[in-house]
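Examining the three-dimensional arrangement
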Amino acid sequence: MNNYILTLHNLVKQYQSITAVDGVSFNICAGEIFGLLGPNGAGKTTTLECIEGLRVPTSGDISVDGLHPLHNRRELRKTLGIQLQSSSLPEAILAGEAMTLVCAYHGVKPREDLMQRFGLDTLKHKQYGKMSTGQKRRLQLALALAGNPKIVVLDEPTAGVDVQGRAELHAAIYELKAEGVTVILATHDMAEAEALCDRIAILIKGRLAALGTPEQVTAAGSSQTRITLRTRHGSLLKQGSIQKASYLGQSEGFAQWLCNDAAPAVMELLNAAMSQEDPVDDLRVERPSLEERFLEIVEGGKTL
Amino acid sequence: MNAFLSQIIIQLRMDIRDKGTLLVFYIVPLGFYAVMGAVFSSVNPEIKPILSATMAIFSVTMGAVIGIPPSLVKLREAGTLRAYQVLGIPNASVLLSIGISTLIHLSVVCFIISISAPLLFDAELPQSTGGFIAVLAALLFCSTAIGLFIGSTAKTQSSAMLLSQAVFMPSLMLSGIMFPAHLLPQPLEYAGNVFPATHVMRAFYGLAYRLPTEYNSSLALLIVFAIGIVASAAAAWRLGKITRVA
């Protein structure tokens, strides 16, 4: 692929004796949603801050749509729309004033379309300090888009947002992708990353631990399938391992097994339940989720 | 330029919406002025003729030195400066818009005091309106610069408040606003020269009211401007340092 809009090569960032980012490299294609995952202190925010021109890398190369984050700061602000994780506008500023101000610095008219799109048109006269977390996040996203950026960086955009707010932000991110905007999404939420991202990178202790589509990253871990089964009389709770699956244990009446081939294992379990005339209330066959793979990587601590 | 003008207008509106800022810029100075005019000038008649000048010094010093620093520190602590930076709003324009907005608010207060003091409290009109305006301009510039410097130097809001009080209280007590400076013990009278309010007071005496002063009132005005220039440069340097990409 050669339509990379952002390239990061061997990025290193040290704070005195601490290496926050240690030789991270990845490329991001134009128009994709790229997830940056990792536990606290993994180096996600530092990596993003280097991309945003808010930190000086110790070494390594970064190119954002052909721009150097430190040498082309003014142009970068037009190319990159940024929603920071921990930032705030003045409490007394009105939503409409914030949009007017940001648009004035981008040399465009106040973006009424964005206010409408993010449900902020009725909140134009509301002070930032009196807005809910979801409303603040929506306003920050709208402001990040005010200059029509090619790339949008979202650092934990749904942190502290309710279910409806989350759904609205997810819909907005999909719309951005449909418009061809590249989205870099840093998140702790594996379900969010799995649902939204075309590709993800997992950082552990400043190093790249996994890179690929959510499916590729998940598949690279344990290949075993989990079977969860609940019967009316609980006859299988003491069944233990069977020929085709190893028993994991039980919780609240649900017994769990791990197997390499689901079909014969499920058949064997169903036969066992039927032979004891115990009706099956619930049966689930699940591949490991991205979250489980993430935990596996974090606990293993292995990097690429 | 249009963007910067928008920013100043928005900053002016935000200041009025913010109860804390409103209190420090308008309510407390005007309330204190009313009390001083009605009560204290009867106790200390020497103050009465120059009430406009003394209350302008009080209001401007309070508004700028007490009002600016906590709000500037809050902008840093809350990550607002970073948010503005990534949204394409330069830190320098944030600092300037706060400074200009403060100048405008405090000019309004000084205007109210200057107009009402002769009518309400029999204060004398300045002998030289131009001199009065020149000294007032120097006072506004210098106090705002000191406020910006404290705001960009203090690490926390509480340390900003301490630093502000360390400038404001001696300015009030040693400059001759509350009582004549010559009544102070000599070491304190000398110490008063550290604070711009003392020189502003002398400049008002000489340039606006044509009263005798201990030294050249034009020199006093120059000292005030010089302090303002040094404080502005130091504030810009401090803000550059704390927001520098590292």
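Since the model is a prediction, treat every value here as computed from it, not as a measurement.

Cut-offs and rules
- Residues numbered from 1 in each chain as written.
- Chains lettered and ligands numbered in written order.
- Predicted model: local features only at pLDDT ≥ 70, side-chain atom pairs only at ≥ 80, totals over all residues.
- Heavy atoms only, no water.
- Helix = DSSP H or I, 4+ residues; strand = E, 2+ residues; numbered from the N terminus.
- Buried < 20%, exposed > 50% of the residue type's maximum accessible area, 1.4 Å probe, protein only.
- Contact = heavy atoms within 4.5 Å.
- Lys, Arg positive; Asp, Glu negative; His and termini not counted.
- Charge placed at Lys NZ, Arg CZ, Asp CG, Glu CD.
- Phe/Tyr/Trp six-rings, centres within 6.5 Å; stacked < 30°, edge-to-face > 60°.
- Lys NZ or Arg CZ within 6 Å of the ring centre and 35° of its normal.
- Axes fitted to C-alpha atoms, helices over the stretch in contact; angles between N-to-C directions.
- Parallel < 35°, antiparallel > 145°, perpendicular 65-115°, else oblique.
- Left-handed = near helix turned anticlockwise from the far one by under 90°.
- Nonpolar A, V, L, I, M, F, W, Y, C, P; charged D, E, K, R; others polar.
- Pairing = 2+ DSSP bridges.
- Patch = residues over 30% accessible without salt bridge, like charges linked within 9 Å, V, L, I, M, F, W, Y side chains within 5 Å.
- Areas by Shrake-Rupley, 256 points an atom, 1.4 Å probe, with all protein chains shown as cover.
- Salt bridge = Lys/Arg side-chain N within 4 Å of Asp/Glu carboxyl O.
- Buried area = accessible area lost by both parts, 1.4 Å probe.
- Polar contact = N/O pair within 3.5 Å; in protein donor to acceptor, adjacent residues only side chain to side chain.

**A look at the overall build of chain A**
- Regarding its fold elements, chain A presents 10 helices and 13 strands.
- Reported as C-alpha extents along the three principal axes, the dimensions of chain A are approximately 75 × 45 × 35 Å.
- By the burial criterion, 49% of the 304 residues in chain A qualify as buried.
- Taking all contacts inside chain A whose residues are at least 6 apart in sequence as the whole, residues at least 24 apart take part in 67%.
- Computing the positive centroid from 31 side-chain charges and the negative centroid from 35, chain A places the two 6 Å apart.

**A short note on the packing of aromatic side chains**
- Tallying each qualifying case throughout the model produces eight aromatic pairs over all chains.
- Ring centres 5.4 Å apart and planes at 85° place the aromatic pair Tyr33 of chain B and Phe121 of chain B in the edge-to-face group. With Tyr33 of chain B in helix α2 (residues 19-43) and Phe121 of chain B in helix α5 (residues 91-121), this residue pair connects regions lying 88 residues apart in the sequence. Of the two residues, Tyr33 of chain B and Phe121 of chain B, neither departs from the other in class, the shared state being buried.
- Through a chain of ring-to-ring contacts, three or more aromatic side chains come together here, namely Phe32, Phe58 and Phe168 of chain B.
- A cation sits over an aromatic face here: Lys136 of chain A above Tyr128 of chain A, 5.1 Å from the ring centre.

**Notes on the packing of helix α3 (residues 95-106) of chain A against helix α1 (residues 2-17) of chain B**
- Remark: α3 of chain A packs on α1 of chain B, axes separated minimally by 9 Å, with the N-to-C direction vectors making an angle of 160°. With respect to each other, α3 of chain A and α1 of chain B are oriented roughly antiparallel. In terms of crossing hand, the pair formed by α3 of chain A and α1 of chain B is left-handed. Mapping the contact onto sequence places Glu97, Leu101, Ala104 and Tyr105 of chain A in α3 of chain A and Ala3, Phe4, Ser6, Gln7, Ile10, Arg13, Met14 and Arg17 of chain B in α1 of chain B.
- For the contact of α3 of chain A with α1 of chain B, the residue count by class is seven nonpolar, two polar and three charged.

**Quick word on the pairing of strand β1 (residues 4-15) of chain A**
Residues and elements named next belong to chain A.
- As paired elements, β1 and strand β2 (residues 18-29) share nine bridges and run antiparallel to each other. Considered in β2, the bridge of Tyr4 is made with Cys29.
- Once β1 ends, the chain turns through two residues before running back antiparallel as β2, passing Gln16 with a positive phi of about 50°.
- Bridge analysis of β1 against strand β4 (residues 59-64) gives five bridges, and the strand direction is antiparallel.

**A closer look at a nonpolar patch on the surface**
- On the surface, a nonpolar cluster with roughly 680 Å² of combined accessible area is contributed by Ile104, Val108, Phe111, Ile112, Ile115, Leu119 and Leu120 of chain B.
- Topologically, Ile104 of chain B is positioned in helix α5.

**Some remarks on the sheet that holds strand β10 (residues 225-231) of chain A**
Residues and elements named next belong to chain A.
- Taken in spatial order, the four strands make up an open sheet running β11-β12-β10-β13, and their pairing is antiparallel. Single-partner strands in this sheet number two, and they are β11 (246-251) and β13 (280-286). Here the strands of the sheet are splayed against their neighbours by 20° on average, with no regard to which way each runs.
- When β10 meets strand β12 (residues 254-259), the two strands line up antiparallel, connected through five bridges. Among the inter-strand pairings, Leu229 is bridged to a residue of β12, identified as Ala255.
- Against the sheet, helix α9 (residues 262-275) contacts β10, β12 and β13, and its axis sits at roughly 15° relative to β10.

**Side note on the environment of Phe254 of chain A**
Residue and element names in this part refer to chain A.
- Positionally, Phe254 belongs in strand β12.
- Note: C-alpha distance between Phe254 and Lys136 (118 residues apart in sequence) is 41 Å.
- Discounting chain neighbours no more than four positions away, the residues touching Phe254 are Thr228, Leu229, Arg230, Leu237, Gly249, Asp282 and Arg284.

**Considering the interface of chain A and chain B**
- On the chain B side, the residues contacting the 29 residues of chain A number 25 residues.
- The contact between chain A and chain B buries some 2,400 Å² in all, and 65% of this surface belongs to carbon and sulfur atoms.
- Here chain A is connected to chain B by three salt bridges.
- Across the chain A-chain B interface, the total number found is nine residue pairs in polar contact (both at pLDDT 80 or more).
- Those elements that place two or more of their residues in the side of chain A that touches chain B are α2 (73-79), α3 and α5 (133-144) of chain A.
- Residue contributions to the side of chain A that touches chain B peak at six residues, all from α3 of chain A.
- Here the residues of the side of chain A that touches chain B sort into 16 nonpolar, six polar and seven charged.

**Notes on the side chain of Glu189 of chain B**
Residues and elements named next belong to chain B.
- Within the secondary structure, Glu189 is located in helix α8 (residues 186-191).
- The side chain of Glu189 is buried and forms no salt bridge, while Arg202, the nearest opposite charge, is found at 4.8 Å.
- Other than its neighbours up to four places away in sequence, Glu189 contacts Ala181, His182, Leu184 and Glu214.

**Remarks on the sheet that holds strand β3 (residues 33-37) of chain A**
Residue and element names in this part refer to chain A.
- The strand order β5-β6-β7-β3-β8-β9 describes an open sheet built from six strands, whose pairing is mixed. Of all strands in the sheet, those bounded by a partner on one side alone are β5 (80-83) and β9 (207-212). Neighbour-to-neighbour, the strand axes of this sheet turn through a mean angle of 15°, independent of strand direction.
- Bridge count between β3 and strand β7 (residues 182-187): five bridges; the pairing is parallel. Its bridge partner lying in β7, Phe34 is registered against Ile184.
- Packed on one face of the sheet, helix α1 (residues 44-51) meets β3, β5, β6 (151-155), β7 and β8 (199-204) and runs near 135° to β3.

**A short note on the pairing of β5 of chain A**
All names here are of chain A.
- Residues of β5 alternate between two faces, with Leu80 and Ile82 on one and Gly81 and Gln83 on the opposite face, all of them buried.
- As paired strands, β5 and β6 are joined by four bridges and run parallel to one another. Following the sheet pairing, Gly81 is matched in β6 by Val152.

**Points about the packing of α5 of chain B against helix α6 (residues 129-153) of chain B**
Residue and element names in this part refer to chain B.
- It is the contact of α5 with α6, at a shortest axis distance of 10 Å, that shows an interaxial angle of 140°. Considering their axes alone, α5 and α6 lie oblique with respect to each other. Judged by the sense of rotation from one axis to the other, the crossing of α5 with α6 is right-handed. Contacts between α5 and α6 pair Leu95, Ile98, Gly99, Thr102, Leu103, Leu106, Ser107, Cys110 and Ser114 from the former with Phe132, Leu136, Leu140, Phe141, Thr144 and Leu148 from the latter.
- Each residue belonging to the contact of α5 with α6 can be placed in one class, and the counts come to 10 nonpolar, five polar and no charged.

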